[in-house]
Amino acid sequence: GFCTNLLLAQTPKHILAQTNSNTEIRCELRNDHAGVYWFRWSQERQNFEFLVFSNLLGKATYGANITQDKFSVRGASSHTSYSLHISHLHASDDGTYYCSVSQSSQLLLGSGTQLVDVLPLPSKTTQAPRSKKPMRCVTKTKAAGKKG
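In this text the structure is predicted, and so the values were computed from the model without any measurement.

Enquirer: Which parts of the structure should I look at to understand the sheet that holds strand E8 (residues 71-75)?
Expert: Consider a sheet: its strands pair through backbone hydrogen bonds, and that pairing is either parallel or antiparallel. Taken together, 4 strands build an open sheet; the order of strands is E2-E4-E9-E8 and the sheet is antiparallel. Two strands close off the open sheet at either side, each with one partner strand: strand E2 (8-11) and E8. Strand after strand, the sheet turns through a mean of 20° between neighbouring axes, direction not considered. In terms of strand pairing, E8 meets strand E9 (residues 81-86) through 5 bridges, oriented antiparallel. Paired with serine 72 across the two strands is histidine 85, which belongs to E9.

Enquirer: Help me understand the packing of aromatic side chains in this model?
Expert: Aromatic ring pairs are defined here through the distance separating the ring centres and the angle between the ring planes. Under the counting rule described, the total for this entry stands at 8 aromatic pairs. With 5.5 Å between their ring centres and 10° between their planes, phenylalanine 39 and phenylalanine 48 make a pair best called stacked. Judged by relative accessible area, which is 8%, phenylalanine 39 ranks as buried. Accessibility expressed as a relative area gives 29% for phenylalanine 48, which makes it partly exposed.

Enquirer: Help me understand the pairing of E9, please; the structure alone is not making it clear to me.
Expert: Side-chain direction in a regular strand flips from residue to residue, so the side chains alternate between the two faces of the sheet. Among the 6 residues of E9, 6 are classified as buried, and the element is accordingly described as predominantly covered. Alternating residues of E9 divide into Ser81, Ser83 and His85 and Tyr82, Leu84 and Ile86, and every residue in both groups is buried. In this structure, strand E4 (residues 23-29) lies alongside E9, joined through 6 bridges in antiparallel fashion. Residue glutamate 28 lies in a different strand from E9, and its bridge partner there is serine 81. Connecting E8 to the next strand, E9, in antiparallel fashion are 5 residues, including histidine 79 with a positive phi near 65°.

Enquirer: Would you mind showing me how to read the side chain of serine 81 here?
Expert: Residue position: serine 81 is located in strand E9. Given a relative accessible area of 11%, serine 81 falls into the buried group. There is a polar contact of 3.1 Å between the side chain of serine 81 and the side chain of arginine 26. Leave out the neighbours within four places in its chain, and serine 81 touches Arg26, Cys27, Glu28, Leu29, Arg74, Gly75 and Ala76.

Enquirer: Would you take a moment to explain the nonpolar core for this structure?
Expert: The nonpolar side chains of a soluble globular protein tend to be buried, and buried together. Core analysis: the largest hydrophobic core is formed by 22 residues, its most contacted members being Trp38, Leu51, Leu84, Ile86 and Tyr97. Secondary-structure elements contributing two or more residues to this core are strand E3 (14-18), E4, strand E5 (35-42), strand E6 (47-55), E8, E9 and strand E10 (95-103). Setting aside residues up to four positions removed in sequence, tyrosine 97 forms contacts with Gln10, Ile25, Phe39, Arg40, Leu51, Phe71, Leu84, Ile86, Gly112, Thr113 and Leu115.

Each value, and the rule that gives it
- Residues numbered from 1 in each chain as written.
- Predicted model: local features only at pLDDT ≥ 70, side-chain atom pairs only at ≥ 80, totals over all residues.
- Heavy atoms only, no water.
- Pairing = 2+ DSSP bridges.
- Helix = DSSP H or I, 4+ residues; strand = E, 2+ residues; numbered from the N terminus.
- Axes fitted to C-alpha atoms, helices over the stretch in contact; angles between N-to-C directions.
- Phe/Tyr/Trp six-rings, centres within 6.5 Å; stacked < 30°, edge-to-face > 60°.
- Buried < 20%, exposed > 50% of the residue type's maximum accessible area, 1.4 Å probe, protein only.
- Polar contact = N/O pair within 3.5 Å; in protein donor to acceptor, adjacent residues only side chain to side chain.
- Contact = heavy atoms within 4.5 Å.
- Core = buried A, V, L, I, M, F, W, Y, C linked by side-chain atoms within 4.5 Å.

The structure is reproduced here in structure tokens:
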């Protein structure tokens, strides 16, 4: 069975993100564990999907049809804080994301983060383009991840 648990603090509760942007969900753990699982509940498909498991060594195991350039897990060396990084957001990524740890043969779930993908606003608006971050760091982090 699944049960949400206070040992896992998950932030934020809601994410409203634009198509093709990136986002991150954080999970704080307050007890010993062997690694962190990430799941997504899809309202549309009515299913609970396993995304990725990251063990204490930082080795990631991906679920079926889950790609590494879409989801990556970053963990603090203290093993008390993990974040799930989701890139190239798309409407199909909508859902509620849960971090989870296995304890005495049951899965404890975090509080959940609801992700809603919204189309970017038309660029006609007169806002300053402050959200344009340089994208050059993407290739570097990928190369670094392959080493070791």
